[in-house]
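# Per-entry structural report
One-letter residues, chain by chain:
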Amino acid sequence: MFLKSGLEQPARLGLWLLLAPVILWLALLIIIPHIELFLMSLRVEDDWGEAAWSLDNYRHFFEERLYWLTFVRTAAYSLLVTFLTFLVTFPVAFYITKLARPKAGMILMILLLLPFWVSELVRVYGWMILLRESGVINHFLVSLGIIDTPMEMLYNDAAMLLGLVYTSMLFMAVPLISSLEGMDDSLIEAAHDLGASKWVIFTRIVIPYAAPGITSGSIVVFMLTLGNYLTPNLMGGKNSLWFTEQIYNEFIASFNWNQGAAFGFLLLLLSSFIVWLGLRLSGQSLGKALS
Amino acid sequence: MAAVLELRHLTRKFGDFTAVNDISLSVEEGSFFSILGPSGCGKTTLLRMIAGFQTPSSGDILIRGQSVLNVPPNKRPVNLVFQHLALFPMMDVAENIAFGLKRRKVPAAERKRRIDSILERVGLAGYGAKRIDQLSGGQRQRVAIARALVLEPSILLLDEPLGALDLKLREHMKIELKKLQSQVGTTFIYITHDQSEALVMSDQVAVMNAGRFEQVDTPRALYDQPATRFVAGFVGESNRFTGQLEAGGQFLAEEGLSLRVAAPDTTSGDAELFIRPEAILLEPEPHLNALNRFRVQVRNVIFDGSNTRVLSDIKGTGHEIIIALPQNQRFAHIGPGSEVDAGVAAEDCRCFSSQD
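Scoring rules and cut-offs
- Residues numbered from 1 in each chain as written.
- Chains lettered and ligands numbered in written order.
- Predicted model: local features only at pLDDT ≥ 70, side-chain atom pairs only at ≥ 80, totals over all residues.
- Heavy atoms only, no water.
- Core = buried A, V, L, I, M, F, W, Y, C linked by side-chain atoms within 4.5 Å.
- Buried < 20%, exposed > 50% of the residue type's maximum accessible area, 1.4 Å probe, protein only.
- Helix = DSSP H or I, 4+ residues; strand = E, 2+ residues; numbered from the N terminus.
- Contact = heavy atoms within 4.5 Å.
- Buried area = accessible area lost by both parts, 1.4 Å probe.
- Salt bridge = Lys/Arg side-chain N within 4 Å of Asp/Glu carboxyl O.
- Polar contact = N/O pair within 3.5 Å; in protein donor to acceptor, adjacent residues only side chain to side chain.
- Nonpolar A, V, L, I, M, F, W, Y, C, P; charged D, E, K, R; others polar.
- Domains from an automatic or database assignment.

Turning next to the nonpolar core. Membership of the largest hydrophobic core comes to 101 residues, with the highest contact counts inside it found for L5(B) and L46(B). By residue number, the principal contributor to this core is helix α7 (residues 157-181) of chain A, which donates eleven residues. Excluding residues that lie within four positions of it along the chain, L5(B) makes contacts with L25(B), S26(B), V27(B), I50(B), I61(B), L62(B), I63(B), I155(B) and I189(B). Counting residues in each nonpolar core, the second largest holds 28 residues, with L259(B), A271(B), A342(B) and C349(B) among its members.

Next comes the structure, spelled out in structure tokens:
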């Protein structure tokens, strides 16, 4: 008895020591600021400039149509970006894991990683150089005589979607590749042998097999897109409002931290709700998708 | 009986390498046919060509008289049981078996009936709702076979499906497979590198080496009358001697032993001689005049129940031979170090030219 507890004590202490950085990180940078923000979101300044408890910040959001629209728009576009990213990335992941030779697959994987060695800002500016009115693509189109005058390809929703998909691709590719890599090629052959067409093999065998990878990739891409500020701001221009810009405006432009905090919490609720709904509808579990 | 499968001059090349070299074959309806060969002999390529996953470089494949060269795998009346089974992990047992039936648009009620009946046939009645990872190795095996058999293929191809099982289960599944095949009556084509699997289960065995068939015969004939040097060495256990065959049927081994050979399969010259361990008689009766006689010094007795072997050297040559030791009291005195008389009949010495 004595021996046992004597051995257990240092082991437990070691565990706490190992966990300490994580716990500190979570507490100091995530949990405490969020509690602070949450409290802030429930406070307003009354007519005498005194702080008072109120739900006005949340009421404000539901009353102002612009906020609402931006909110729904951000959610809908984030879902669209997630889906487009999946469409673009899946063939790439399939090619790398199932069709390319191992060495070629590795080179392709590195090519996929390469753009992420520079910052998102540089990548977005790269796209802007390509797409803007005086940009590379316009220059070629005009000099080849396909169009007469350069056209503006930036600052619209399509350009923004392009930027967001490009930014998200890697985060979809990595989980897809790792789940497809675990798939025995003979599963595909077996399905073919049992009479399945290519389409059936894809929808009934490959997609269900890769489902955990698709789920975790989708969650990451969706969250990153929903919380992205840079790309919608730079490539979307004035007509493509993103909800993060509203939060930024409240904090920085209007200096209304209470309102900004409320918006921040609404975005958190929204993303949690959509992820939960997505998991429910696809019958996947978070634990399985993240393992 | 009619041939369900016919191969005509089937060849498959990968660059300079010829994996399958001009193979012609005809398999009878309802038989259990095995293709036996060492790894790399081309048997998997041959099987994949029959299944449709690989296109022959030349030659033709006919199933019930119809060429299937232009028929893709999903349309061929042939199903394959994969080496690693390739069961779909995200589906339960019944869904796995239903997969092929759904592709053929079999109505749900009929589908259920057929799934239940095939599960019962393979001894897994009531297992329909189990997940694949809840099954043991042997049960998975049977699900994989049921999944293919439920489609009632003209031919069931099996790609070493017992390889992953442990020895005891493998022994058991051999008998089960043979029973199952005779019950359902489907033609089985079974490829393996394990001669015991091929010999136990098959009606006919093709021994394959370096892209060619060395001999196509019944298991007994392969064992008793091997047609080539490769078959003699590959099928069953043998003691092998290299040496010279002289005119008149006298074989002179390199180590100096001289053995008489009845009806050699080759003319005189460099030759190899094979003797089965059970063909060597210990302490033979003196009146058996026709025997090749020699003396052996026992080095070790390898006890393995009814399969007990004596490891010994032929006196005066040092050539090591293995002799089957019958488990009766007569030979109980034989142990390491004993010297024993031994003999072998001329008919039991199989001699082949070293050239081919």
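Moving on: the interface of chain A and chain B. Contact with chain A, which involves 17 residues of that partner, is made by 21 residues of chain B. Carbon and sulfur atoms make up 66% of the surface buried where chain A meets chain B, a total of about 1,700 Å² over both sides. Summed over the three residues of chain A that lose the most area to chain B, namely E189(A), D193(A) and L194(A), the buried surface amounts to 40% of that side. One can count one salt bridge joining chain A with chain B. With a shortest N-O distance of 2.6 Å, E189(A) and R48(B) are connected by a salt bridge. The interface formed by chain A and chain B holds five residue pairs in polar contact (both at pLDDT 80 or more) in total. Contributions of two or more residues to the side of chain A that touches chain B are made by α8 (185-193) and α9 (198-226) of chain A. Among the elements that line the side of chain A that touches chain B, the one with the most residues is α8(A), at seven residues. Considering only residue class, the side of chain A that touches chain B consists of nine nonpolar, four polar and four charged.

Residues and elements named next belong to chain B. Along its sequence, chain B is carved into domain 1 (3-229) and domain 2 (237-353). With centres defined by C-alpha atoms, the gap from domain 1 to domain 2 works out at 39 Å. Taken together, the contacts link eight residues of domain 1 with seven residues of domain 2. Of the roughly 670 Å² buried between domain 1 and domain 2, counting both surfaces, carbon and sulfur atoms make up 45%. Together, Y223, P226 and R229 form the three largest contributors to the area buried by domain 1 at its contact with domain 2, with a combined 79%. Our enumeration of links across domain 1 and domain 2 arrives at one salt bridge. The salt bridge involving R229 is made with E272; its shortest N-O contact spans 2.8 Å. Our enumeration of links across domain 1 and domain 2 arrives at five residue pairs in polar contact (both at pLDDT 80 or more). With three residues, the top contributor of residues to the side of domain 1 that touches domain 2 is helix α7 (residues 219-224). Tallied by class, residues from the side of domain 1 that touches domain 2 come to four nonpolar, two polar and two charged.

Residue and element names in this part refer to chain B. Positioned with a positive phi, H9 is a non-glycine residue whose angle comes to about 45 degrees. Following the sequence through the fold, H9 ends up in strand β1 (residues 3-14). With a phi angle near 55 degrees, A86 is a residue other than glycine that sits in the positive phi range. Tracing the sequence through the fold places A86 in the loop between β6 (78-81) and α2 (93-103).

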